[in-house]
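# Inside the fold
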Amino acid sequence: MIKTDYIISKIEKYASLELAEPWDNSGWQIDLGHDYTNKVLVALSLTKDVLEQAITNDCDLIVTHHPLIFNPIKKIKLDNSIIAEAIRNNICVYSAHTNLDKTYGSTTDALCGVLGLQNIVTVEEFVKISHLKDELAIEQLIANVKQSLNLEQIKLINPSNISIVRNIAICAGGGSSFIDKLKDYDVDVYITGDIKFHKALEVEGFAVMDIGHFESELPVLPLIQGLIAKTKVEVIIAQEEKPWVMV
């Protein structure tokens, strides 16, 4: 067993809570005051299925990317509450969200690594741009992204009919709010998730690949696992599914 404070200190040294956005709720979600931790489960989100995996695998700490608690809680029903069930099973929950998105070696950096992108610079707090050494046909980039992330399809928004790519902007998670800002940069393609209809209408001068919020953030889980594993505690990655199916 490893001291819980030591595990959390490793996370916070890597992604300081001071980096978190004011609206965010990174940090402890459920703190039961455990002095020691036996096993850790890492996940993007704490769902009932993820909690069940933690229980089955005897994990007493869950570390997620998305915070369990965002808005004020007015009532907890003991018969249908992830919070109550976690407490009942003596499981603590900690989240590293926008602080992990903004740190060096961030969620977006993890995505860039899986995509094999290099020559990366940060242009906005959450957004990177990769300058390719050689030009690439957009069809080839699409194929590369699908293969790297094991995707069957992506959403392509390309009103300017971009065919050749040299500069790629990347933002893991939901990056639609940066579309307007990216118009000030030399960008051919923007890779992110959660582009809604009306935001797609604002795309101009570059193409956008919506690869999915869930899919774009999965690469960060091995990073979190490796970070926590340095404390010598056992760490496993949860098996997660998207909350929908394509029919």
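Scroll up for the structure.
Everything numeric here is computed off the predicted structure, so don't read it as measured data.

### Looking at the pairing of strand E4 (residues 39-43)
- Counted residue by residue, E4 has 5 buried out of 5 residues, so it is predominantly covered.
- Neither face of E4 is left uncovered, since the one carrying Lys39, Leu41 and Ala43 and the one carrying Val40 and Val42 both have all their residues buried.
- Pairing geometry for E4 and strand E13 (residues 234-237), over 4 bridges, is parallel. Within E13, the residue paired with Val42 across the bridge is Ile237.
- Two elements, E4 and strand E5 (residues 61-64), share 4 bridges in a ladder whose sense is parallel. Within E5, the residue paired with Ala43 across the bridge is Thr64.
- Considered for its hand, the β-α-β crossover made up of E4, helix H2 (residues 48-56) and E5 is right-handed.

### A word on the nonpolar core
- Of all hydrophobic cores here, the largest spans 23 residues; its most connected members are Ile11, Val40, Leu61, Val63, Ile224 and Ile228.
- Elements with a minimum of two residues in this core: helix H1 (4-14), E4, E5, strand E6 (92-95) and helix H10 (220-229).
- Examining the composition of this core, we find that 5 residues originate from one element, H10, more than from any other.
- Leave out the neighbours within four places in its chain, and Leu61 touches Ile7, Ile8, Trp28, Thr37, Lys39, Val40, Leu41, Ile91, Cys92, Val93 and Tyr94.
- If you look at the next biggest cluster of nonpolar residues, it comprises 22 residues, including Leu111, Cys112, Ile142 and Ile168.

What counts and how
- Residues numbered from 1 in each chain as written.
- Predicted model: local features only at pLDDT ≥ 70, side-chain atom pairs only at ≥ 80, totals over all residues.
- Heavy atoms only, no water.
- Buried < 20%, exposed > 50% of the residue type's maximum accessible area, 1.4 Å probe, protein only.
- Helix = DSSP H or I, 4+ residues; strand = E, 2+ residues; numbered from the N terminus.
- Pairing = 2+ DSSP bridges.
- Right-handed = clockwise from strand over helix to strand, strands pointing away.
- Core = buried A, V, L, I, M, F, W, Y, C linked by side-chain atoms within 4.5 Å.
- Contact = heavy atoms within 4.5 Å.

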